[in-house]
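# Commentary on secondary and tertiary structure
One-letter residues, chain by chain:
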Amino acid sequence: MRIVILGSGAGGGVPQWNCGCRNCEAARAGRIPAMSQSGIAVSANGRDWALVNASPDLRQQLAATPALRPGGLRGSPIRSVLVTNGDIDHVAGLLTLREGQGFDLFATPAIHAVLAANPMLAALDPRLVARRELALEESFELAPGLVARLFAVPGKVPLYMEGEQVETDLMGEQTVGVELAAEGRRVFYIPGCASVPDWLCERISGADALLFDGTLWTDDEMVRAGLGAKTGRRMGHVPVSGPDGSLEGLRDLALGARIYVHLNNSNPLVDPASPERAMAQAAGWQIGHDGMEIAP
Ligand code: MLT
Ligand code: MN
Ligand code: ZN
């Protein structure tokens with residue numbers, strides 16, 4: 001299996017257009033790497049690829065990834081796109097894929113309903129782009145030789161669908177993790193997750209790689225930095241640090257590789273020289289970066 005991290009950042013990316021925080025300024029100055037918004041590409045055979053999540057930065061991400069370029073006058077090695085929730089940073093890139101190219105668009109029925117309610121996405125011609133509904137826990141062929149399965153993880157509805165009351169650790173079709181399998185290798189991709197329950201640890205234990213929600217280092221870092229009023233938990237993202245964080249929650253699992261993805265610009269892990277990054281690395285974590293490739 002080959003996995004390319006197309007975008008390692010969370011919604012907004014690094015730098016975010018309207019943010020002057022330390023990390024965003026450092027990225028503008030070229031002192032730390034920029035991060036585009038969240039998504040990966042996966043292949044079992046190196047020829048046929050699936051995108052998992054389609055970020056607003058997809059056009060540049062595809063241009064920067066040789067394996068995803070067209071082989072001829074018109075065409076694409078991208079056979080399918082799977083989205084793990086309806087958030088803008090995971091679906092807006094679908095509009096980039098509107099140029100008369102066929103592929104399968106996979107999501108749960110609930111996420112498909114959100115997409116279907118958006119008239120602009122009719123730009124994806126249904127005669128070319130098949131919208132395929134996936135039940136949770138159903139195995140399916142995402143691309144030739146690549147089997148995937150979706151499962152509910154604690155999360156919430158997309159930000160733009162929030163009503164008065166928001167359940168932030170909803171278990172259902174709105175936010176899913178993906179299990180990817182090819183040639184006996186098993187990888188989990190979970191870019192958004194509100195907590196780390198025991199059942200999740202049991203589920204991913206023994207995997208060859210885990211790509212996990214690294215949005216925030218501490219739950220209230222955006223509040224403390226004066227960047228916003230929301231905590232990570234309110235956004236449906238478990239923090240990395242702390243007693244209930246993912247570093248602690250996933251610490252004892254046997255995993256071939258563990259990689260944080262979907263990093264917010266407020267997260268000190270974004271800075272390669274930060275003590276927080278050294279701490280995560282000492283616990284066995286790698287920090288995803290744009291263009292990073294693994295072959296689990
Ligand atoms: C998130 O991951 O919390 C969302 O991407 C937020 C957003 O839609 O900007
Ligand atoms: Mn996001
Ligand atoms: Zn910033």
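Up top you'll find the structure we're talking about.
Read on for a plain summary of the structure. Small disclaimer: the values here were computed from a predicted structure and weren't measured. (Residues numbered from 1 in each chain as written. Chains lettered and ligands numbered in written order. Predicted model: local features only at pLDDT ≥ 70, side-chain atom pairs only at ≥ 80, totals over all residues. Heavy atoms only, no water.)

## Considerations on the overall build of the protein chain
Within the protein chain, the regular secondary structure consists of eight helices and 14 strands. Taking 2.2 N^0.38 as the reference for a compact globule, 296 residues should give roughly 19 Å; the C-alpha atoms of the protein chain span a radius of gyration of 18 Å, in line with that estimate. Considered along the principal axes of its C-alpha atoms, the protein chain spans approximately 50 × 40 × 40 Å. In the protein chain, which comprises 296 residues, the proportion classed as buried is 54%. For the protein chain, long-range pairs separated by at least 24 residues make up 67% of all intrachain contacts whose partners lie at least 6 apart in sequence. Per element, the accessible surface of the protein chain, about 12600 Å² overall, is 51% carbon and sulfur. The positive charge centre, built from 25 side chains, and the negative charge centre, built from 33, are 7 Å apart in the protein chain. (Helix = DSSP H or I, 4+ residues; strand = E, 2+ residues; numbered from the N terminus. Rg over C-alpha atoms; globule rule 2.2 N^0.38 Å. Buried < 20%, exposed > 50% of the residue type's maximum accessible area, 1.4 Å probe, protein only. Contact = heavy atoms within 4.5 Å. Areas by Shrake-Rupley, 256 points an atom, 1.4 Å probe, with all protein chains shown as cover. Lys, Arg positive; Asp, Glu negative; His and termini not counted. Charge placed at Lys NZ, Arg CZ, Asp CG, Glu CD.)

## Considerations on the coordination of the zinc ion (ligand 3)
Octahedral metals with six donors have ideal donor angles of 90 or 180 degrees. Tetrahedral metals with four donors have an ideal donor angle of 109.5 degrees. Distances from the zinc ion (ligand 3) to its protein donors, namely Cys 19 (SG), Cys 21 (SG) and Cys 24 (SG), fall within the range 2.2 Å. Read in sequence order, the donor residues for the zinc ion (ligand 3) give the motif C-x1-C-x2-C. Residue classification places Cys 21 among the buried residues on the basis of a relative accessible area of 13%. (Donors = N, O, S within 2.8 Å, 3.2 Å for Na, K, Ca; no water.)

## Here we look at the site of ligand 1
For ligand 1, the full set of nearby residues is Asp 87, Asp 89, Met 235, His 237 and His 262. Contact distances for ligand 1 include 2.8 Å between an oxygen atom and a side-chain N or O atom of Asp 89. At 3.2 Å from an oxygen atom of ligand 1 is found a side-chain nitrogen or oxygen belonging to His 262. Against a free-state accessible area of 270 Å², the protein chains account for coverage of 79% of ligand 1. (Near = heavy atom within 4 Å. Polar contact = N/O pair within 3.5 Å; in protein donor to acceptor, adjacent residues only side chain to side chain.)

## As for the environment of Asp 213
Along the chain, the position of Asp 213 falls in strand β11 (residues 209-213). Counting along the chain gives 203 residues from Asp 213 to Ala 10, while the straight-line C-alpha distance between them is 9.2 Å. When sequence neighbours within four positions are dropped, the list of residues in contact with Asp 213 reads Ile 190, Pro 191, Gly 192, Cys 193, Gly 236, His 237, Val 238, Ser 246, Tyr 260, Val 261 and His 262. Only 2.5 Å separates the side chain of Asp 213 from the side chain of Thr 215, close enough to count as a polar contact. One polar contact links Asp 213 to His 237, side chain to side chain, over a distance of 2.6 Å.

## Section: unusual backbone geometry
Here the bond from Val 14 into Pro 15 is cis, since omega is -5 degrees, no more than 30 degrees from zero. Mapped onto the fold, Pro 15 is located in the loop between β1 (2-7) and α1 (22-28). Despite not being glycine, Asn 53 has its phi angle at roughly 80 degrees, a positive value. Tracing the chain through its elements places Asn 53 in the loop between β3 (49-52) and α2 (58-63). Overall, Asn 53 belongs to the buried group, its relative accessible area being 1%. Of note, Glu 183 is a non-glycine position whose phi angle comes to about 50 degrees, a positive value. Inspection of the secondary structure assignment puts Glu 183 in the loop between β9 (176-182) and β10 (185-190).

## Digging into the sheet that holds β1
Strands sit in the order β6-β5-β4-β3-β2-β1-β14 across an open sheet of seven strands; the sheet is mixed. Each edge of the sheet is formed by a strand with only one pairing partner; in this case those strands are β6 (129-133) and β14 (293-294). Sheet topology note: the β3/strand β4 (residues 78-82) ladder contains four bridges and is parallel. Pairing of Ala 50 across the sheet is with Ser 80, part of β4. (Pairing = 2+ DSSP bridges.)

## Here's the deal with the coordination of the manganese ion (ligand 2)
Here the manganese ion (ligand 2) is held by Asp 89 (OD) and His 262 (NE2), and the distances to it run 2.0 to 2.2 Å. Here Asp 89 is found in helix α3 (residues 88-91), whereas its partner His 262 is found in the loop between β12 (258-261) and α8 (275-282), with 173 residues between them in sequence. The exposure class assigned to Asp 89 is buried, which follows from its relative accessible area of 7%.

## A short note on the nonpolar core
As a rule of thumb, soluble globular proteins bury nonpolar side chains together. By size, the foremost hydrophobic cluster in this structure holds 31 residues, and its most contacted members are Ile 190, Leu 210, Phe 212 and Leu 250. When contributions to this core are tallied by element, the ones reaching two or more residues are α1, β10, α5 (198-204), β11 and β13 (285-287). Apart from the residues within four sequence positions on either side, Ile 190 is in contact with Phe 151, Val 153, Gly 177, Leu 200, Ile 204, Leu 210, Leu 211, Phe 212 and Asp 213. Core analysis: the second largest hydrophobic core is formed by 30 residues, Ile 5, Leu 134, Val 176 and Val 187 among them. (Core = buried A, V, L, I, M, F, W, Y, C linked by side-chain atoms within 4.5 Å.)

## A closer look at the packing of aromatic side chains
Per the stated rule, a full pass over the model turns up three aromatic pairs. With a centroid separation of 4.9 Å and 40 degrees between ring planes, the pair formed by Phe 106 and Phe 140 is classed as tilted. Note that Phe 106 is positioned in strand β5 (residues 103-107) and Phe 140 in strand β7 (residues 139-143), a separation of 34 residues in sequence. On the basis of relative accessible area, Phe 140 is assigned to the buried category, the value being 8%. Considering the side-chain rings of Tyr 260 and Trp 285, the 3.7 Å spacing of their centres and the 10 degrees angle between planes classify their relative orientation as stacked. One end of the pair, Tyr 260, is in strand β12; the other, Trp 285, is in strand β13, with 25 residues separating them in the sequence. Tyr 260 sits in the buried class, given a relative accessible area of 0%. Above the face of the Phe 151 ring, Arg 203 is positioned so that its terminal group lies 4.2 Å from the ring centre. (Phe/Tyr/Trp six-rings, centres within 6.5 Å; stacked < 30°, edge-to-face > 60°. Lys NZ or Arg CZ within 6 Å of the ring centre and 35° of its normal.)

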